[in-house]
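Notes for the structure review
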Amino acid sequence: MIRVLIVDDQALFRGGIRMLVESQPDLTCVGEAADGAQAVRLADEQQPDVVLMDVRMPVLDGISATDRIVRANPAARVVVLTTFDLDEAAARAIRAGASGFILKDAEPELVLAAIRTVHAGNEVVAASATRELFKAFGRQRRAAPTAFGELTDREREIFGLAAKGLSNTEIARSEFVSEATVKTHISRILAKLGLRDRVQLVVFAYEHGLVGEQPV
């Protein structure tokens, strides 16, 4: 069972999401929170696998709550719920450790797919926002840290493809290697760069002007 915590300051919205989650045989709702502070407490008590997190809430906002939850439990996956597909707050939440975001008016099937996708270790970003969102991270570029120079040529090649948004399957097909090999490379890249997941890898690439980076 995938344990889900629902965080939103609107009781009606929480109730609707709870009904959707509980309708699935592989999902269960372990709690609801009306603000970020409650979310942090419940996450500590219930240890959810996935947290559906609103951004704008009283007491403690969703960005701060996301940061506290993933610091306390790195295995927890946070999906931010936002009203606007180019919401800067959603971008900040990704920086804080969220595994992506979806729009509040998304179809129920997409919400369920997002829960299962992040639980499986992948990331979710509203499709209409992906390119513009990550471009926003690159408006004030910074020099790449020393750790990037420590990647092997092969790792930098895989990094460049992942930064473009290619899936493991697409990278494997492009590089004529197995998906398992790609996953190994991605894991090593994330570890060397101190990144949580592929969303943060893409953010890192845009922030340092490394999109499409190839070995030199």
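One can find the structure itself at the top, above this paragraph.
Residues numbered from 1 in each chain as written. Predicted model: local features only at pLDDT ≥ 70, side-chain atom pairs only at ≥ 80, totals over all residues. Heavy atoms only, no water.

Describing helix 9 (residues 168-175)
For clarity, the cut-off: With a 1.4 Å probe rolled over the protein chains alone, any residue whose accessible area is under 20% of its type maximum counts as buried; one over 50% counts as exposed, and the rest are partly exposed. A run of H or I in DSSP counts as a helix once it spans at least four residues, and a run of E counts as a strand once it spans at least two, with each numbered from the N terminus. Each C-beta atom gives one direction from the helix axis, and the arc is the one those directions make. In this analysis, two residues are considered to be in contact whenever any of their non-hydrogen atoms come within 4.5 Å of each other.
Buried within helix 9 we find Asn168, Ile171, Ala172 and Glu175. The buried side chains of helix 9 occupy one side of the element, clustering within an arc of 100 degrees when seen end-on. Contact partners of the buried residues in helix 9: helix 8 (153-163), helix 10 (179-193) and helix 11 (198-207). At the C-terminal side of helix 9, Phe176 shows a positive phi close to 60 degrees.

Remarks on the nonpolar core
Our working rule: What makes a nonpolar core is a set of buried Ala, Val, Leu, Ile, Met, Phe, Trp, Tyr and Cys residues whose side-chain atoms join them at distances within 4.5 Å.
In this structure, Leu5, Val7, Met53, Val78 and Val80 are the most contacted members of the largest nonpolar core, which totals 29 residues. Leave out the neighbours within four places in its chain, and Val78 touches Val51, Met53, Thr66, Val70, Ala98, Ser99 and Gly100. Of all hydrophobic cores here, the second largest spans 20 residues; its members include Leu20, Leu27, Ala106 and Val118.

Observations regarding helix 10
Residue pairs spaced three or four apart in an α-helix point in one direction, given the helix's 3.6 residues per turn. The line we're drawing: A helix is expected to span 1.5 Å for every residue after the first.
For helix 10, which comprises 15 residues, the first-to-last C-alpha distance of 21 Å matches the rise-based estimate of 21 Å (1.5 Å per residue) to within 8%. Residues Val182, His185, Ile186, Ile189, Leu190 and Leu193 constitute the buried set of helix 10. Down the axis of helix 10, the buried set is contained in an arc of 135 degrees. They therefore lie on one face. Facing away from the buried surface of helix 10 by more than 90 degrees, the exposed residues are Ala180 and Ala191. Taken together, the buried residues of helix 10 touch helix 7 (146-149), helix 8, helix 9 and helix 11. Positive phi shows up at Gly194, right after helix 10, with a value of about 70 degrees.

Brief notes about the environment of Thr28
Checked against the element boundaries, Thr28 lands in strand 2 (residues 27-33). A sequence separation of 10 residues divides Thr28 from Arg18, and the C-alpha atoms of the two residues are 8.5 Å apart. Beyond its immediate chain neighbours, meaning those up to four positions away, Thr28 contacts Met1, Ile2, Arg3, Val4, Val21 and Glu22.

What to know about the pattern of salt bridges
Using the following cut-off: Throughout this description, the term salt bridge denotes a Lys or Arg side-chain nitrogen within 4 Å of a carboxyl oxygen of Asp or Glu.
For the structure shown, the criterion picks out 9 salt bridges. Of the charged contacts, one joins Glu32 and Arg14 as a salt bridge, the two residues approaching to 3.0 Å between their closest N and O atoms. Of this pair, Glu32 sits in strand 2 while Arg14 sits in helix 1 (residues 11-22), and the two are 18 residues apart along the sequence. Between Arg116 and Asp26 there is a salt bridge; the shortest N-O distance is 2.8 Å. A residue pair is termed long-range when its members are at least 10 positions apart, and Arg116 in helix 5 (residues 108-119) and Asp26 in the loop between helix 1 and strand 2 qualify at 90 residues. With a relative accessible area of 28%, Asp26 lands in the partly exposed category. Counted as one network, the salt bridges with shared partners bring together Asp8, Asp54 and Lys104.

Remarks on the packing of helix 9 against helix 10
Definition in use: As a rule, the C-alpha atoms of each element are fitted with a line to give its axis, helices using only the stretch in contact, and angles between N-to-C directions run from 0 to 180 degrees. Roughly parallel refers to an angle under 35 degrees, roughly antiparallel to one over 145, roughly perpendicular to one between 65 and 115, and oblique to any angle outside these ranges. Three categories are distinguished: nonpolar for Ala, Val, Leu, Ile, Met, Phe, Trp, Tyr, Cys and Pro, charged for Asp, Glu, Lys and Arg, and polar for the others, with Gly belonging to the last.
Packing of helix 9 against helix 10 brings their axes to within 8 Å, and their N-to-C directions diverge by 110 degrees. By the angle between their axes, helix 9 is roughly perpendicular relative to helix 10. Across the interface between the two elements, Asn168, Thr169, Ile171 and Ala172 of helix 9 pack against Glu179, Val182, Lys183 and Ile186 of helix 10. Considering only residue class, the contact of helix 9 with helix 10 consists of 4 nonpolar, 2 polar and 2 charged.

Some points on the pairing of strand 4 (residues 77-82)
Stated formally: Strand pairing is assigned whenever DSSP identifies at least 2 bridges connecting the two strands. A clockwise course of the path from the first strand over the helix to the second, judged with the strands pointing away from the viewer, identifies a crossover as right-handed.
Within strand 4, 6 of the 6 residues are buried, leaving the element largely enclosed by the surrounding structure. Residues Arg77, Val79 and Leu81 point to one face of strand 4 and Val78, Val80 and Thr82 to the other, with burial holding for every one of them. In this structure, strand 3 (residues 50-54) lies alongside strand 4, joined through 5 bridges in parallel fashion. In the strand pairing of strand 4, Leu52 is matched with Val79. Handedness of the strand 3-helix 3 (residues 62-72)-strand 4 crossover: right-handed.

None of the figures reported here should be taken as evidence of function without further support.
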